[in-house]
Amino acid sequence: MTDPKIDPTWLEPLREEFAGPAMAALRTFLKGEKAAGKRIFPHSSDWFRALELTPLPAVRVVILGQDPYHGEGQAHGLCFSVRPGVKPPPSLLNIYKEMATDCGIPPATHGFLEHWARQGVLLLNSVMTVENGKAGSHQNRGWERFTDAVVRLVAAKPEPVVFLLWGAYAQKKVAFVQDVAAGGRHLVLKAPHPSPLSAHNGWFGSKPFSQTNAFLEQHGRGTIDWALPPV
């Protein structure tokens, strides 16, 4: 884990994090969990997939999740995304519903979001691993410190970035990012989490996708093609 498979633009500014005691403790914890026969998702080759697909200079949008899906075959290193052939979870289906009403994009038949990641949408989970069947099982083991460092690197970028913060957890974690309305250069769009438990409390109708593209276009950063191609 000291030399992970990530884009070089992340590796150098994060080198101290990778070499520090917090990551060493996290590595020891994960090795111990594996040695105890516990199954960890996603596979270790996908732990840093978000940082592999989306180089730091390319980041135009950040979507922050909490921790990976904990079901068999779901997680692959991008928040809210599942592998081809895996049924899209309820939160992702609600994302598709809002995208349809916001942008007129028909819901995808799959849940594989790499198309977004390759366009500069950083799909980052705050906690990057989880035990099989146990949501939140790897919280407070060191991942949060690492992903805080990732978010701070993005926030330090001179180019405007859109932060899509869905739910109280994401909003608290990225509270230090200053919105344009408060004199910052980034656009911070907050909404309830798209989970079925909270989506009807303001997620539906929040129009994050059209607002993101309007802001990016206004600042000369192009737009995101939210429509997902077949896989």
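Residues numbered from 1 in each chain as written. Predicted model: local features only at pLDDT ≥ 70, side-chain atom pairs only at ≥ 80, totals over all residues. Heavy atoms only, no water.

Where an unreviewed UniProt entry is consulted, the protein chain appears under the name Uracil-DNA glycosylase, with the organism given as Sphingomonas cynarae. Within the UniProt record for the protein chain, the comment given under Function (unreviewed entry) is "Excises uracil residues from the DNA which can arise as a result of misincorporation of dUMP residues by DNA polymerase or due to deamination of cytosine." The heading Sequence similarities (unreviewed entry) in the UniProt record of the protein chain holds the text "Belongs to the uracil-DNA glycosylase (UDG) superfamily. UNG family." (UniProt positions renumbered as here; feature names shortened; annotations may be inferred.)

Caption draft 1: Focus on the packing of helix α5 (residues 90-103) against helix α9 (residues 208-218). Contact pair α5 / α9: the axes reach a minimum separation of 7 Å and the direction vectors enclose 60°. What the angle tells us is that α5 and α9 run oblique. Between α5 and α9, the residues in contact are I95, E98, M99, D102 and C103 and P208, F209 and S210, respectively. Across the contact of α5 with α9, the residue classes tally to five nonpolar, one polar and two charged. (Axes fitted to C-alpha atoms, helices over the stretch in contact; angles between N-to-C directions. Helix = DSSP H or I, 4+ residues; strand = E, 2+ residues; numbered from the N terminus. Parallel < 35°, antiparallel > 145°, perpendicular 65-115°, else oblique. Contact = heavy atoms within 4.5 Å. Nonpolar A, V, L, I, M, F, W, Y, C, P; charged D, E, K, R; others polar.)

Caption draft 2: Broad picture of the UniProt feature "domain: Uracil-DNA glycosylase-like" (unreviewed entry) in the protein chain. Residues annotated by UniProt as "domain: Uracil-DNA glycosylase-like" (unreviewed entry) correspond here to residues 52-216. For residues 52-216, the end-to-end C-alpha separation is 23 Å, with 29% helix and 13% strand making up the annotated structure.

Caption draft 3: Examining the pairing of strand β2 (residues 61-65) more closely. When you tally the buried positions in β2, you get five out of five residues, the bulk of the element. Of the two faces of β2, the one carrying V61, I63 and G65 and the one carrying V62 and L64 are both buried. Looking at chain direction, β2 and strand β3 (residues 121-125) are connected through five bridges and run parallel. Within β3, the residue paired with L64 across the bridge is L124. Pairing of β2 with strand β5 (residues 162-166) involves three bridges; the strand directions are parallel. Among the inter-strand pairings, I63 is bridged to a residue of β5, identified as L164. (Buried < 20%, exposed > 50% of the residue type's maximum accessible area, 1.4 Å probe, protein only. Pairing = 2+ DSSP bridges.)

Caption draft 4: View of the packing of aromatic side chains. Going through the model one piece at a time under the given rule, you end up with 12 aromatic pairs. Relative to F146, the ring of F48 lies with its centre 5.7 Å away and its plane at 80°, an arrangement referred to as edge-to-face. Note that F48 is positioned in the loop between β1 (40-41) and α4 (49-53) and F146 in helix α7 (residues 143-155), a separation of 98 residues in sequence. Just as F48 is buried, F146 falls in that class too. Within the aromatic cluster, the residues linked to one another by ring pairs are F80, W116, W166, W203, F209 and W226. Here the guanidinium or amino end of R152 rests over the ring plane of F176, the centre of that ring lying 4.0 Å away. (Phe/Tyr/Trp six-rings, centres within 6.5 Å; stacked < 30°, edge-to-face > 60°. Lys NZ or Arg CZ within 6 Å of the ring centre and 35° of its normal.)

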